[in-house]
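Notes for the structure review
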Amino acid sequence: MNSIFFYLNGKQVVLESPDLDLTLLQYLRNTGLTGTKLGCGEGGCGACTVMMSRYDVDLDKIVHASVNACLCPLYTVDGKHIITIEGLGTSKAPHPVQERIALLHGSQCGFCTPGFVMSLYTLLRNNPNPTELEIEECFDGNLCRCTGYRPILDAAKTFADQAWKQGSVNPDGSVSAVPKSDSGCGLDGCCRQKESGARDTAAAAPCTNGSDVCCKQKDTVVRDPTTPYTNGANACCGKAGTCCKQTAQPGSNLAEIEKAQVISQFQKYDPTQELIFPPLLLRYAKGKTIASEPQLRALEIMSKDPQAWCQRFYRPLTLDALLSILSTHPAAKLVAGNSEVGVEIKLKRTKFPVQVAVNDIAELRQITHAEEHVRFGANITLARFEHVLGELIRDHPEERTQGFRALRENLRYFAGNQIRNVATIAGNIATASPISDLNPVFMACDASVTLVSLAAGARTVRMADFFLGYRRTAMQQGEVILDVCVPFSQRGEIIKAFKQAKRKDDDIAIVTCGLRVRTDVETHRVREAAFAYGGMAPTTVLAQRASKCAVGGTWGDRALLDRMLAECQNEMRLDFTVPGGMAEYRAALTTSFLFKFWAISCHELGIGAVEAAFAHEVADDEQRVLSKGKQEYASITDRAIVGKGVAHLSALKQVTGEARYVDDMPPLQGELYMAMVMSPKPHARLVSIDSAEALELPGVCRVLTASDVPGENKWNIFHDEEILPTSEVHYVGQPVALVVAESQKIAQEAARRVRVEYEDLPAVLSVREAVRSGSLFDEVRQLKNGDVEKEFASAPVVLEGESYCGPQEHFYLETMGSVTVPKGESGEFDIYASTQNPTETQLVTAEVLGVPANRIVCHVKRMGGGFGGKESRSVLIAAFTTLCSYHTNKSVRIILDRDEDMQTSGQRHPFYGKWKVAVDKTGKLLALRMHIYSNGGFSHDLSIGVLERAVSHLDNCYRIPHTDFVGRVCRTNTQSNTAFRSFGGCQGMFLLESMLCEVADHLGLSVEHIRETNMYKLGDMTPFSQRLDDWNVPTMWRQVKQSGEFDRRRHEVDEFNRGSRYRKRGLSLVPTKFGISFGVKHLNQGMSLVHIYMDGSVLVAHGGTEMGQGLHTKMAMIAAETLELPLESIFISETATNTAANTSPTAASASSDLNGYAVYNACKALADRLRPYRERMAGEPFGKIAKTAYLDRCNLTAAGHYATPDIGFNWVKNEGLLYFYFTQGVALAEVELDTLTGAHTTRRVDIVMDVGKSLNKAIDIGQIEGAFAQGQGWTTTEEFLYFSNGRLFTQGPGNYKVPSAMDIPRDFRVSLLEGAPTSMLKTIFSSKGIGEPPLFLGASVFFALRDAVLAARKHSGGTAALHLESPATAEMLRLACEDDFVEMARIPHEQKEGRVPFAIRI
Ligand SMILES: Cc1cc2nc3c(=O)[nH]c(=O)nc-3n(C[C@H](O)[C@H](O)[C@H](O)COP(=O)(O)OP(=O)(O)OC[C@H]3O[C@@H](n4cnc5c(N)ncnc54)[C@H](O)[C@@H]3O)c2cc1C
Ligand code: FES
Ligand code: FES
């Protein structure tokens, strides 16, 4: 049979001879279901999540599973029901999941949103009454780069089981279920609470206020006596927070009131209304369809396309059939969950001409129990495996299920739900990955596999003998894994699993292990021991000597522990250059894990060893702490619309998949696809380019090189970068030539066939190397005040040191993309691009083609995130598609693959600083000389602007009387680093704050004391000669200190650290001030064009682009407010260069200031023109008024313009106004660090932010939370690494780790400063820019971690100042703790000297 049969959103689909290379995602998007997004193509982001329902014959029930459509081969959907985002609801009639995420601000750019919706939807389909914990965990395979997750989690938790909801979140963040009647409103001081704060358990006790409404909730609102009731009854409904008669009371928290009002309007979730599982599919799966219906059969499909990578596909239904296929096709690739095979195809471009799906073979899914063991069918999914393990643990005594517990422990952190729902045990074992999570535990448990083949029948192989080398196993050709046999454990036996990854959730291991000991119950003498490690060799290995030395010894004997640790370290030592890197860290983890195991097992076996006391400290199996958030803003709103927490105007379109991004545009007839030929060399002379072989490939149209550029081949503001290189390449990944073909697949294949000859030239990669070799761009930026040298000569303390912060990848969920459509006449082209900079896109492409700018229109509907990454580098991509379109006269598209994007699009600049500082003994700063260097990459791009901002933020919030700040940009052979939210500001502040920490260490003072001592006062002058007016940082510092109970918690943290040896807590209070304005004077202008149509609807165009930050929403609010119209009357369609010309990029946090005023000016002009009509026609609908005005020949169109007054700074003279104002904030972070692994949890964060008079408070809170998460990622998990040959190591979500939902603060409190002076603020409605300023506050987590490391070092006797660079990854933190384990793992200096580590920071 060569067709597949399935259901898609309730409709039957039969595909004859389907394309065997297609993934489900490609199929969906090709058929116009573009709501499901492509974020990475490797299972790492969840943007492509869909729900796959099937009837499970083993369980006799319908199972719903979230899956990654990008890793799901289309051929595997036979017999399934696929539900995509389009199958749920529409923006007019959204599904409750969609509605709640949209209206509770869970969608910013919206690119990740369909994936989140589908994950939650799937959870609800399986369990309509989930707990909050289950809800948090359902998102473990979804990434969001915009929101900081909190609003998504909040929205999702409205579905949580009521019993849990009414239960309270305990101080430690865990949840206890409390019967509803006992719970009160949950607010502090509720009448249902006893004085102690405990709930009044007298369930029947009525609220003391005599109504069913909590007295405390009532306090937060007042009834509005003047407005009529909207509920139809002439009485108040009494629903606190949601009643139509309530208005916000001054001083109350509007955030909570708005939230309650929104929640009260939600549709009820009714699971009975969901799409049913089609009865035909049920009969199909059971093999009970009638003759006229599709029959469940073995599939054998041949490809019709001779170029297809997969030529032949089988889906056998029995083991015999499988073995027989293998005997005919010994090289056939078995495919189960495709989570390994799919990645190999996608990233390594491996071709498997014959593929065999094994999921529908019942024999491979059997689970059988015996007295001594359990056999798990090889191809049960990991989700099923986890579930069965849970049942075994429930049904058998703890001592018998040690192995099962360890396996389940590791599965908890194995990938995300979408992967676990499809990936299988055999897939993990057969891959034999050295970092497999399951294999070490299987090995430690002494598990075995059964292998079967047609030729040799069945045989059993112990796990210990199964792995032969890197991805090599004992399996013979033609053999398959039938099952895995795991023995029950015995009394006196303990088995544990440990895993350390770069990120806790959804990440592959750095080191993982399964550790087992079997002891005599009476004597504790060790009978057996097996310590199996992953991540320490080319394959899973046993620490033979360490295991052996344990046997015969007494478990609990400290001397035995020391011997084991020493043996383990001797065996598990890695070379400095080891693949994967982190040699010392990995070695230290092996002993740290062994020590953990020792402590926990001693405790569990009742051995009174000293270490047993540490069991609770070193255990990693505590109940996961739930996250919670609180947002606060006061109810002061001066205006009808502006200032309210209106949801993002596209949110409902985003949650339903209706929102269109560039790649969602349907292809035009004859459209072509473009691919890039990328340089493999960091620096080389281009000798020749030969495209003959590529052009031979059917479907290839053109290969374009520099000589095909008809106009200007140079671009960027310094004109130092070629569109396509003529003679030299400057970084690995640089596009050398472009291939245009009929499809993406052909274009990419052809690009690999273009032969380019290079002649190597010397390359420089890192900033330090560039400083050493003098590889610098010419420009210097300096801010000099006073006389630092004189101060250095006389100061009581003078210190010198270095600071460094690494790069950061934007990781917008939507990669760069562009579609160019030729108009076919007059050299006109329409460009649809994902860019923050339509004007530069227009101008550069016009120059490249040699046509006037008036022939090119750049359109931007929205972006799936930008964060600065699409400010300049996106221009090149649009220039490419336009060049290809010019030569082919066809529409041309490219959407970069994630790895292409990360290799070419530039990152946040790494910065390196050398400092010399003079202080007095009290910590008062006297003078500072700071020379800073950024890694600019191969061209200028925006590096000088970034440098200027870094230099001008080196003061952060402190007065330093004498300064000499000097900044330079290094020229290196990496991609050109570029704008990234905060644009050098956060780097400057980080270098300074990191220096302050070292100063504090030297002086023996707390860094908070130093911050306080030196904090600017109102009216102080900055090093760039700007007076600080409206200076609110000291106020917020006091507020956060007080509301965050800094002093009490400092004491608590210190107490905790005194009592805890291996877990340390840290606290950090950090301020920020961020200057708002473009550094380039002429960019400080905005424009708008507003049309009022005859029906009264209003179309607004302005110069800013929408990338999720809610700019269009704010602009529409300003227009509605100014025109005195409801928000619904205003529409913003897109940003385009033919409606808003000569625009500035949407950047610098200034777009709402600039374009907002421009919109206001246009609307004000229109409002003035319409005033006479409105007065005359009072009470008439606005449409009628507009029509009358039109008939009266009143111009209903107005253009608005705004230029920031007074701005302009002269760097040479240190004169003029650099920033129009400062957005300010303060954050307090608390963390807990596992000093044995370097893993951490952010326990709590409090932020107060001064955003002036916010245009939209909910959106501003969203910006704060999202920026904070990015700053946290930048300084902790996001390590961007290169190989020493200049190739990028971190090319995707597989090894570049942005924060996940589980990384955000467990308790996240954000409030807006209210009522602060804004006398000097001359912005639109006295608002402040907010996109970038909060980012630096994310570094408070870094500084809290530093504080925790200091406590750990103190415990080990270390007192030296701590030098810690950013990002403080688990590796860096673990090594910084400097204990005996680290000392044992150290590689002697001579073994490192002159040798190149696996990967380097640049
Ligand atoms: C985003 C992501 C996250 C991941 N996270 C983790 C992680 O945290 N820990 C971890 O260990 N791994 C992780 N992996 C790797 C992968 O998910 C696992 O190895 C998984 O168990 C593979 O199972 P599969 O069914 O998808 O295998 P497939 O990709 O279908 O197959 C893998 C290999 O197994 C072979 N095979 C399958 N069934 C049989 C059989 N019955 N007999 C013989 N050979 C067979 C196939 O031929 C193939 O060679 C991750 C992968 C991705 C994409
Ligand atoms: S696109 Fe599928 S997981 Fe990222
Ligand atoms: S809203 Fe999640 S990535 Fe933009």
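If you check an unreviewed UniProt entry, the protein appears there as xanthine dehydrogenase from Coemansia umbellata. As stated in UniProt under Sequence similarities (unreviewed entry), the record for the protein gives "Belongs to the xanthine dehydrogenase family." Recorded in UniProt under Subcellular location (unreviewed entry), the annotation for the protein is "Peroxisome".

Quick look at the overall build of the protein
Of the regular secondary structure elements, the protein holds 42 helices and 55 strands. Taking 2.2 N^0.38 as the reference for a compact globule, 1402 residues should give roughly 35 Å; the C-alpha atoms of the protein span a radius of gyration of 32 Å, in line with that estimate. Viewed in the frame of its principal axes, the protein has a C-alpha envelope of about 90 × 80 × 80 Å. Within the span of the protein, comprising 1402 residues, buried residues form 64% of the whole. In the protein, of all internal contacts separated by at least 6 residues, the share reaching a separation of at least 24 is 76%.

A short note on the UniProt feature "domain: FAD-binding PCMH-type" (unreviewed entry) in the protein
Per the UniProt record, "domain: FAD-binding PCMH-type" (unreviewed entry) is found at residues 302–491. With 34% helix and 24% strand, residues 302–491 has end C-alpha atoms that lie 55 Å from one another.

As for the site of ligand 1
Around ligand 1, 32 residues are found, and the nearest of them are Leu334, Ala336, Ser339, Thr424 and Asp437. Gly337 places a main-chain nitrogen or oxygen 2.8 Å from an oxygen atom of ligand 1. Asn338 is positioned with one of its backbone polar atoms (N or O) 2.8 Å from an oxygen atom of ligand 1. Surface burial for ligand 1 is 93%, taken as the share of its 990 Å² of free accessible area covered by protein chains. Secondary-structure elements contributing two or more residues to the shell around ligand 1 are strand E12 (333–335), helix H11 (341–348), helix H15 (425–431) and strand E20 (480–487). Of the residues contributing to the shell around ligand 1, the split by class is 16 nonpolar, 10 polar and 6 charged.

Here we look at the nonpolar core
Nonpolar side chains tend to gather and get buried jointly when the protein is soluble and globular. By size, the foremost hydrophobic cluster in this structure holds 116 residues, and its most contacted members are Val917, Leu928, Met995 and Ile1247. By residue number, the principal contributor to this core is helix H31 (residues 985–1003), which donates 11 residues. Excluding residues that lie within four positions of it along the chain, Leu928 makes contacts with Val788, Phe792, Trp915, Lys916, Val917, Ile960, His962, Thr963, Asp964, Phe965, Leu992 and Met995. Met118, Tyr269, Met676 and Leu849 belong to the second largest nonpolar core, which has 97 residues in total.

Focus: the packing of helix H35 (residues 1111–1123) against helix H36 (residues 1151–1176)
Running from N to C, H35 and H36 point in directions that differ by 25 degrees, and their axes come no closer than 8 Å. It follows that H35 is roughly parallel to H36 by the angle criterion. When you trace H35 past H36, the crossing you get is right-handed. Seen from H35, the contacting residues are Leu1111, Lys1114, Met1115, Ile1118, Ala1119, Thr1122 and Leu1123; seen from H36, they are Ser1151, Ser1152, Asn1155, Gly1156, Val1159, Tyr1160, Cys1163, Lys1164, Leu1166, Ala1167 and Arg1174. When grouped by side-chain class, the residues that make up the contact of H35 with H36 number 10 nonpolar, 5 polar and 3 charged.

Digging into a nonpolar patch on the surface
Residues Met1094, Tyr1190 and Leu1191 make up a contiguous nonpolar surface patch of roughly 310 Å² in combined accessible area. Tracing the chain through its elements places Tyr1190 in helix H37 (residues 1182–1191).

Quick word on the sheet that holds strand E54 (residues 1307–1312)
If you trace the 5 strands from one edge of the open sheet to the other, you get E25-E54-E52-E51-E43, paired in mixed fashion. In the strand order of this sheet, the two ends are held by strand E25 (628–632) and strand E43 (1063–1076), each with one partner. Taking the axes of each pair of neighbouring strands and ignoring which way they run, one obtains an average angle of 10 degrees across the sheet. By the bridge criterion, 10 bridges tie strand E51 (residues 1221–1234) to strand E52 (residues 1240–1250) in an arrangement that is antiparallel. Opposite Ala1227, over in E52, you have Ile1247 as the bridge partner.

Overview of helix H34 (residues 1046–1059)
With 14 residues, H34 should reach 20 Å at 1.5 Å per residue; the first-to-last C-alpha distance of 20 Å fits that figure. Listed in full, the buried residues belonging to H34 are Phe1046, Arg1049, Arg1050, Val1053 and Asn1057. Each buried residue of H34 sits inside an arc of 110 degrees when the element is viewed along its axis, so together they form one side. For H34, exposure combined with an orientation more than 90 degrees from the buried face picks out Asp1047, Arg1058 and Gly1059. Its buried side turned inward, H34 meets helix H32 (1007–1014), helix H33 (1033–1043), E43, E51, E52 and helix H39 (1339–1355).

Side note on the packing of helix H38 (residues 1257–1275) against H39
Direction vectors running N to C along H38 and H39 enclose 45 degrees, while the axes themselves pass 7 Å from each other. Judged by the inter-axis angle, H38 sits oblique to H39. Where H38 abuts H39, its residues Phe1268, Gly1271, Gln1272 and Thr1275 lie against Ala1339, Ser1340, Val1341 and Phe1342. Class assignment for the residues of the contact of H38 with H39 results in 4 nonpolar, 4 polar and no charged.

So, the side chain of Thr539
Relative to the helices and strands, Thr539 resides in the loop between strand E23 (526–534) and strand E24 (541–542). Classification of Thr539 by relative accessible area gives buried; the value is 8%. Leave out the neighbours within four places in its chain, and Thr539 touches Ala432, Pro434, Phe467, Gly469 and Tyr533.

With respect to the packing of aromatic side chains
Within the structure shown, the criterion is met by 41 aromatic pairs. A centroid spacing of 3.7 Å and a plane angle of 25 degrees characterise the contact between Tyr75 and Phe313, whose relative ring orientation is stacked. With a gap of 238 residues between them, Tyr75 in the loop between strand E4 (61–68) and strand E5 (81–83) and Phe313 in strand E11 (residues 312–315) connect regions that are remote in the sequence. Residue class for Phe313 comes out buried when judged on its relative accessible area of 0%. Considering the side-chain rings of Phe498 and Phe593, the 5.5 Å spacing of their centres and the 15 degrees angle between planes classify their relative orientation as stacked. Taken together, the residues Phe498 in strand E21 (residues 493–501) and Phe593 in helix H20 (residues 583–604) connect sequence positions 95 residues apart. Each residue in the set Phe376, Phe385, Phe404, Phe442 and Phe488 is aromatic and connected to the rest through ring pairs, giving one cluster.

Some thoughts on the environment of Leu364
Residue position: Leu364 is located in the loop between strand E13 (354–357) and strand E14 (367–369). When the C-alpha atoms of Leu364 and Ala285 are compared, they prove to be 17 Å apart, with 79 residues separating the residues in sequence. If we skip the residues at most four places from it in the chain, Leu364 touches Leu319, Leu322, Val358, Gly377, Ala378, Asn379, Ile380, Ile481 and Leu482.

Conventions adopted
Residues numbered from 1 in each chain as written. Chains lettered and ligands numbered in written order. Predicted model: local features only at pLDDT ≥ 70, side-chain atom pairs only at ≥ 80, totals over all residues. Heavy atoms only, no water. UniProt positions renumbered as here; feature names shortened; annotations may be inferred. Helix = DSSP H or I, 4+ residues; strand = E, 2+ residues; numbered from the N terminus. Rg over C-alpha atoms; globule rule 2.2 N^0.38 Å. Buried < 20%, exposed > 50% of the residue type's maximum accessible area, 1.4 Å probe, protein only. Contact = heavy atoms within 4.5 Å. Near = heavy atom within 4 Å. Polar contact = N/O pair within 3.5 Å; in protein donor to acceptor, adjacent residues only side chain to side chain. Areas by Shrake-Rupley, 256 points an atom, 1.4 Å probe, with all protein chains shown as cover. Nonpolar A, V, L, I, M, F, W, Y, C, P; charged D, E, K, R; others polar. Core = buried A, V, L, I, M, F, W, Y, C linked by side-chain atoms within 4.5 Å. Axes fitted to C-alpha atoms, helices over the stretch in contact; angles between N-to-C directions. Parallel < 35°, antiparallel > 145°, perpendicular 65-115°, else oblique. Left-handed = near helix turned anticlockwise from the far one by under 90°. Patch = residues over 30% accessible without salt bridge, like charges linked within 9 Å, V, L, I, M, F, W, Y side chains within 5 Å. Salt bridge = Lys/Arg side-chain N within 4 Å of Asp/Glu carboxyl O. Pairing = 2+ DSSP bridges. Expected span 1.5 Å × (residues − 1). Arc of directions from axis to C-beta. Phe/Tyr/Trp six-rings, centres within 6.5 Å; stacked < 30°, edge-to-face > 60°.

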